[in-house]
Every structure is written in structure tokens, then in C-alpha cells.
Amino acid sequence: MTVEITSHEELRDLLGTPAPRAANKERARLHERDREWLAAAPFCLLATAGADGSCDVSPKGDPAGFALVLDDTTIAVPERPGNKRADGYRNILDNPHAGLIFLIPGRTDTLRINGRARLVRDAPWFDDMVVKGHRPVLAVVVEIEQIFYHCAKAFLRSALWQPETWRPDALPTRARLIKEVEAPMESLADLERHYGPEYAKSIYA
């Protein structure tokens, strides 16, 4: 029998009360250590939700420091060429609330930022976001409402950064996945050429 949790009280009774350090760790302004973390982080996850509550999480990655600190309560994340679906960006236009998790490879803690996001198509600081000659066509500006560090337990349980646990060949190649799941009418040879060695050369094109 499936037993569902249906109230905040039931959830709290089940999980217990957070320790004071966890309950009170939220801040609304960047600390100098937060700035250092953002300068060292090459990757983040951006979570958004549409007006109807539908959700999206999008990976963002660039050389370390790609998230630009504009002031003590504002950061900006550049757009790079992608698949043009713009799921998260469309969500932001309808619902400005966004959450981000910034990762540093090898670290088992993360930096979390929640706030209000907006899309900017140009600003003087876009010049500071140029990578390999690519100036972003837009950026997500996030006004920080909550910022805090998240503990290491999920990374320790998953052994995420331990190379001996990595199994990149557990599934077929990217080209074969596309062929089997998304585009059965496309040629596997064409897909393998597209996702082959030349693919990495086109990520800023």
C-alpha cells in the first residue's frame, strides 16, 4: 500500500526539525567566500517553473567564473549556443522565480542561490562574458533572495567524484541514443559524425 504525505505537519513529524545551523544559514547578500566560489565554479544548474507550475532544470557551463557578480545581491549567467528550446527562459518570462546550484568539480558541497530572474539582451558587462570570441546574446540576471551552502551528503552517497565509480559506457553513445529515442529516421552515420570529434569545436558557434 502506498502511503502519501499530504501536509506540512506530517512531513515535519516524519523528518524532524532542522538543526539551528541548517535552519538559520540563509543569507541575502554575497559574502566574499561566495564570490570566490562563483569565480571557481565552471558549472551550475538553473531551475525554473512556468506560470502553470511546470518545471525545468537546465545545465549551464563555461570556464570557471562564468557567472558574473554584478554587486552584492546580483549575479548574471550568460547564454551560450544550444538547442534553442529556451524552456527555462520562457519560464522566466512567465514566472521570475529561479534556483541555481553551483558546483566545483571534486567538491562535495555546493553553493545554492534562489532569487528573482530576468532576461537581459545587452548591457556593458556583456563584454566581460566573451569566451572564445563569443559574446552572449542574452544573460539571466538573478537578484539574490537566498544564498547558502549545501552539505556534502548527496555527493558522498553517490560517490559522484570518485572515478572508480564512473561508467560512461553504461548506455549507448549519444548518437545511438538519439537514433533510438528521438530521431529514428536519421542516419546513424550522420549522427555519429555530428556528435563526433568535431562537436566540441562547435560549442561556441
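Residues numbered from 1 in each chain as written. Predicted model: local features only at pLDDT ≥ 70, side-chain atom pairs only at ≥ 80, totals over all residues. Heavy atoms only, no water.

- Under the annotation held in an unreviewed UniProt entry, the protein carries the name Pyridoxamine 5'-phosphate oxidase family protein and is attributed to Micromonospora vulcania.

1. Focus on the overall build of the protein
- Summing up its helical and strand segments, the protein has 7 helices and 7 strands in all.
- Considering only C-alpha atoms, the protein reaches an extent of 55 × 55 × 40 Å along its principal axes.
- The buried share among the 205 residues of the protein stands at 32%.
- When contacts within the protein are restricted to residue pairs at least 6 apart in sequence, those whose partners lie at least 24 apart make up 63%.
- Working note: accessible area of the protein is about 13700 Å², and carbon and sulfur atoms make up 55% of it.
- On the protein, the mean spot of the 27 positive side-chain charges and the mean spot of the 30 negative ones are 3 Å from each other. (Helix = DSSP H or I, 4+ residues; strand = E, 2+ residues; numbered from the N terminus. Buried < 20%, exposed > 50% of the residue type's maximum accessible area, 1.4 Å probe, protein only. Contact = heavy atoms within 4.5 Å. Areas by Shrake-Rupley, 256 points an atom, 1.4 Å probe, with all protein chains shown as cover. Lys, Arg positive; Asp, Glu negative; His and termini not counted. Charge placed at Lys NZ, Arg CZ, Asp CG, Glu CD.)

2. Focus on the pairing of strand 2 (residues 55-61)
- Of the two faces of strand 2, only the one carrying D56, S58 and K60 is buried; C55, V57, P59 and G61 on the other face are not.
- Looking at chain direction, strand 1 (residues 43-49) and strand 2 are connected through 7 bridges and run antiparallel. In the sheet register, L46 faces strand 2, and the bridge partner there is S58.
- The antiparallel pairing of strand 1 with strand 2 creates a hairpin that spans 5 residues between the two strands, and G53 there sits at a positive phi of about 90 degrees. (Pairing = 2+ DSSP bridges.)

3. A closer look at helix 4 (residues 87-94)
- Residues of helix 4 that are buried include every one of G88, Y89, N91 and I92, and no others. Seen end-on, helix 4 carries its buried residues on one side only, within an arc spanning 155 degrees. Counted as exposed and oriented over 90 degrees from the buried face of helix 4: L93 and D94.
- Here the buried face of helix 4 lies against strand 1, strand 2, strand 6 (110-120) and strand 7 (139-150). (Arc of directions from axis to C-beta.)

4. Quick look at a negative patch on the surface
- A cluster of acidic side chains, namely E4, E9, E10 and D13, defines a negative patch on the protein surface.
- With respect to the secondary-structure elements, D13 resides in helix 1 (residues 8-15).
- The exposed category is assigned to D13, whose relative accessible area is 68%. (Patch = residues over 30% accessible without salt bridge, like charges linked within 9 Å, V, L, I, M, F, W, Y side chains within 5 Å. Salt bridge = Lys/Arg side-chain N within 4 Å of Asp/Glu carboxyl O.)

5. Description of the state of the cysteines
- Tallied over the full model, the rule gives 0 disulfides.
- C55 takes part in no disulfide bond, and the closest cysteine sulfur to it belongs to C44, at a distance of 17 Å.
- Take C55: its relative accessible area is 66%, and that puts it in the exposed class.
- The thiol of C151 is not disulfide-bonded; the next cysteine sulfur, from C44, is found 19 Å away.
- Accessibility expressed as a relative area gives 39% for C151, which makes it partly exposed. (Disulfide = S-S within 2.5 Å.)

6. Concerning the UniProt feature "domain: Pyridoxamine 5'-phosphate oxidase N-terminal" (unreviewed entry) in the protein
- Within this structure's numbering, the places UniProt gives as "domain: Pyridoxamine 5'-phosphate oxidase N-terminal" (unreviewed entry) are residues 31-151.
- Counting secondary structure, residues 31-151 comes out at 14% helix and 44% strand; the distance between its end C-alpha atoms is 18 Å. (UniProt positions renumbered as here; feature names shortened; annotations may be inferred.)

7. Observations regarding unusual backbone geometry
- Positive phi outside glycine occurs at A86, with the angle close to 60 degrees.
- Positionally, A86 belongs in the loop between strand 4 (74-78) and helix 4.
- Here the phi dihedral of K132 falls at roughly 55 degrees; this positive angle occurs in a residue that is not glycine.
- Mapping K132 onto the fold places it in the loop between strand 6 and strand 7.

8. Here's the deal with the packing of aromatic side chains
- Across all of its chains, the model carries 5 aromatic pairs by this definition.
- Consider the rings of F66 and F102, whose centres lie 6.5 Å apart with planes at 45 degrees: the pair is tilted. With a gap of 36 residues between them, F66 in the loop between strand 2 and strand 3 (68-71) and F102 in strand 5 (residues 97-103) connect regions that are remote in the sequence. The two residues F66 and F102 agree in class, both being buried. (Phe/Tyr/Trp six-rings, centres within 6.5 Å; stacked < 30°, edge-to-face > 60°.)

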